[in-house]
Amino acid sequence: MSAQQQMPVVPESYWLQSINIPEFPTLEESCKADVGIVGGGITGITAAYLLSKQNYKVILLDAGKILHGTTGHTTAKITAQHGLIYDELIQHFGVEKVQHYYQAAIEAKQLIETIAKQLNISCELQEEHAYLYTNSDDYIVKLEDEWKAYDKLGIKGELVDKMPLDIPMKTALVMSNQAQFHPLKYLTALTKACIDQGVRFYEHTTAMDVEYNNHPAIITKEGQRVTCRYVIAASHFPFYDGQGFYPTRMYADRAYIVAMETPKKYPGGMYINAETPTRSIRSTKIAGKDLWLVVGENHKTGQGKPTIEHYEALQRFAQKEFDASKCLYRWSAQDLTTLDKVPYIGPITKEQQNVFIATGYRKWGMTNGTIAAKIITDHIMEKDNPYTELFSPARFQADPAIRKFTQFNADVAKHLIKGKLEYPDNDVAQLKNDEATVTRVQGKRTGIYKDMDSKLHIVDTTCTHLGCEVEWNSGDRTWDCPCHGSRFSYDGAVIEGPAKKPLQKRDAAELD
Ligand code: FES
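What counts, and at which threshold
- Residues numbered from 1 in each chain as written.
- Predicted model: local features only at pLDDT ≥ 70, side-chain atom pairs only at ≥ 80, totals over all residues.
- Heavy atoms only, no water.
- Helix = DSSP H or I, 4+ residues; strand = E, 2+ residues; numbered from the N terminus.
- Rg over C-alpha atoms; globule rule 2.2 N^0.38 Å.
- Contact = heavy atoms within 4.5 Å.
- Areas by Shrake-Rupley, 256 points an atom, 1.4 Å probe, with all protein chains shown as cover.
- Buried < 20%, exposed > 50% of the residue type's maximum accessible area, 1.4 Å probe, protein only.
- Disulfide = S-S within 2.5 Å.
- Core = buried A, V, L, I, M, F, W, Y, C linked by side-chain atoms within 4.5 Å.
- Pairing = 2+ DSSP bridges.
- Axes fitted to C-alpha atoms, helices over the stretch in contact; angles between N-to-C directions.
- Expected span 1.5 Å × (residues − 1).
- Patch = residues over 30% accessible without salt bridge, like charges linked within 9 Å, V, L, I, M, F, W, Y side chains within 5 Å.
- Salt bridge = Lys/Arg side-chain N within 4 Å of Asp/Glu carboxyl O.
- Phe/Tyr/Trp six-rings, centres within 6.5 Å; stacked < 30°, edge-to-face > 60°.
- Lys NZ or Arg CZ within 6 Å of the ring centre and 35° of its normal.

Digging into the overall build of the chain
- Along the backbone of the chain there are ten helices and 26 strands.
- The C-alpha radius of gyration of the chain comes to 22 Å, within 12% of the 24 Å expected for a compact globule of 512 residues.
- Dimensions of the chain along its principal axes, counting C-alpha atoms only, are 65 × 60 × 50 Å.
- In the chain, once contacts between residues fewer than 6 apart in sequence are set aside, the share between residues at least 24 apart is 71%.
- When the accessible area of the chain is evaluated, it comes to approximately 21,500 Å², of which 48% is carbon and sulfur surface.

Describing unusual backbone geometry
- The omega torsion of the bond from Thr276 to Pro277 falls at 0°, within 30 degrees of zero and hence cis.
- Mapped onto the elements, Pro277 comes out in the loop between strand S14 (270–273) and strand S15 (279–286).
- The residue after Gly497, namely Pro498, is reached through a cis peptide bond having omega 20°.
- Within the element layout of this structure, Pro498 appears in the segment after strand S26 (494–496).
- Phi is positive for His204, close to 50°, though the residue is something other than glycine.
- Summarising the element assignment, His204 is placed in the loop between strand S8 (200–202) and strand S9 (207–211).
- A positive phi angle, close to 55°, is found at Phe245, a residue other than glycine.
- Mapped onto the elements of the fold, Phe245 is located in the loop between strand S12 (230–233) and strand S13 (250–261).
- Classification of Phe245 as exposed rests on a relative accessible area of 51%.

Details of the state of the cysteines
- Under the defined criterion, the tally for this structure stands at one disulfide.
- There is a disulfide in this structure between Cys468 and Cys483, and the S-S distance comes to 2.0 Å. Taking the sign of the torsion about the S-S bond as the criterion, the disulfide between Cys468 and Cys483, at about -85°, is left-handed. Here Cys468, found in the loop between strand S22 (456–460) and strand S23 (471–473), pairs with Cys483, found in the loop between strand S24 (478–480) and strand S25 (487–489); they are 15 residues apart in sequence, far enough to count as distant. Taken as a pair, Cys468 and Cys483 share a single burial class, namely buried.
- Lacking any disulfide linkage, Cys123 is separated from the closest cysteine sulfur, that of Cys194, by 15 Å.

Things to note about the environment of Leu456
- Position of Leu456 relative to the elements: it lies in strand S22.
- A residue is classified by how much of its surface remains accessible, and Leu456, at 30% relative accessible area, is partly exposed.
- Taking the C-alpha atoms as reference points, Leu456 and Asn433, 23 residues apart in sequence, are found 9.2 Å from one another.

Concerning the nonpolar core
- Tyr86, Tyr186 and Ile232 are the most contacted members of the largest nonpolar core, which has 87 residues in total.
- Here this core gets eleven residues from one element, more than from any other, and that element is helix H4 (residues 95–118).
- Excluding residues that lie within four positions of it along the chain, Tyr86 makes contacts with Ala80, Val98, Tyr101, Tyr102, Glu146, Ala149, Tyr150, Leu153, Ile155 and Met175.

A look at the sheet that holds S22
- The strand order S20-S21-S22 describes an open sheet built from three strands, whose pairing is antiparallel. Edge positions in the sheet fall to strand S20 (435–441) and S22, since each has one partner strand and no second. For this sheet, the mean inter-axis angle between neighbouring strands, taken without regard to orientation, is 25°.
- For strand S21 (residues 444–450) and S22, the ladder comprises five bridges, and the chain directions are antiparallel. Note that in S22 the partner of Tyr449 across the bridge is His457.

Re helix H2 (residues 42–53)
- Between its first and last C-alpha atoms H2 spans 16 Å; for twelve residues at 1.5 Å apiece the expected length is 16 Å, and the two agree.
- For H2, the tally of buried residues reaches eleven of twelve residues, placing the bulk of the element in the interior.
- Within the sequence span of H2, burial applies to Ile42, Thr43, Gly44, Ile45, Thr46, Ala47, Ala48, Tyr49, Leu50, Leu51 and Ser52.
- Of the residues trailing H2, Asn55 is marked for its positive phi of about 70°.

Brief notes about a nonpolar patch on the surface
- Among the surface-exposed residues, Val9, Val10 and Met452 lie close enough to one another that they form a single nonpolar patch of about 270 Å² accessible area.
- The topology assignment puts Val10 in the segment before helix H1 (14–17).

Things to note about the packing of aromatic side chains
- Counted by the stated rule, this structure contains 19 aromatic pairs.
- Their ring planes at 20° and their centres at 4.7 Å tell us that Phe24 and Phe201 sit as a pair that is stacked. With Phe24 in the loop between H1 and strand S1 (31–32) and Phe201 in strand S8, this pair connects stretches of sequence that are 177 residues apart. There is no split in this pair, since Phe24 and Phe201 are both buried.
- Ring geometry for Tyr101 versus Phe391: centroids 6.3 Å apart, planes at 35°, classification tilted. Linking Tyr101 in helix H4 with Phe391 in helix H9 (residues 388–391), this pair joins segments that are 290 residues apart in sequence. By the burial criterion, Tyr101 is buried, and Phe391 matches it.
- Lys300 extends its terminal NZ or CZ atom over the ring of Tyr251, reaching a point 4.9 Å from the ring centre.
- Lying over the aromatic face of Tyr311, Arg330 brings its terminal NZ or CZ to 4.5 Å of the ring centre.

Next comes the structure, spelled out in structure tokens:
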């Protein structure tokens, strides 16, 4: 049987399948709060918890369902070992600032542990050593340099030539006593604590804009206003730009996860390799058995080979290295990376000090999202926070940011132009069920998906953000934009911003 035949047909996150998450109404009338939060992931819910604990009146809006965005699709490692990063960051920021980066991640881990203990949350939180390993000669020196960076920063680490996980490797850098958990068990409990503390949640309520003044108002798609003293954009890609030009300062990439059954006992530890293609491994328990989570195959959203091939590559890897026999779940996640790889956390611009953003976590949302909630809460409470300056969205590191800015925007321009010059002429009649194609219909680039019941779903492929052309994602059955990472369902509904409006639907009659 081929790898593809053994995979679940529909991508589903194990985290989302294994817990009941409360549901909330849609916002139907304008209202007021001290703090309006947009986005019900780890950042928004942690901030809502911390602020409501201090008696702030908080309203949280989510465009879909809480915890169903990036937080529901994470690997859920709680670690300061964010890949191969410290040596590089020291070169750009200097030792002192990078110590803050490390300490921020450790403080986030401690905050999660404290909250879980205080609220008595049973969320499979457990300490594990984190291993950054390589099987490539080219990366041995890089790992040695990273180890030296650990030493400069006072991080306890060790280079080893053996790991508990039996996998081809030449050397690994260990960071001890990191952690992992079931993210949604933790955050569902936190949501219930928020409700007890008076937080009001609204789902299927899309925030479109902020009307900025001393009391900013969040404006929803249906025209309601949430007037507040502070706004927190915790919506992954900020729903409001405030002339911070965030689409030009971040790029989106996707990673894939397969959850595999194997006859082997998981040896403990969390692993990620340094080279590409990325392979990141951890486990969780399902009905008393180890479920191996194998993650990787990162690529820029909307670019590269058919996405189903990424799942297949991970599955082949798990079969070869761990005798994995069965894939129980598969899902994917989107990550945003800033120009200098450090998240943007703080006031959206220097002029708008009461509108905050938290974004650009790369793959490390559990620690970055938690510390973002703490930094913003401290800012609102006018308390000093040692990490404010490092994460400030207003920072400007001349090198390498300018070079990356130019490269990144050249890449966007390339995709914008390429999409406009393409004249695909694919034959819709050849389309099989559960396949999509792009063609020209009456001169317009058009995307057509044929569902399992042979029904055609036809959309204009022009992204409603800034007009690039979306591409089909066969692994997740979505239309993905190569420019800033917006994603749309097969029938055009927005799954992920920065786009806020759906792809325009086209009529089947136009195909004739
Ligand atoms: Fe910006 Fe599509 S996400 S143009």
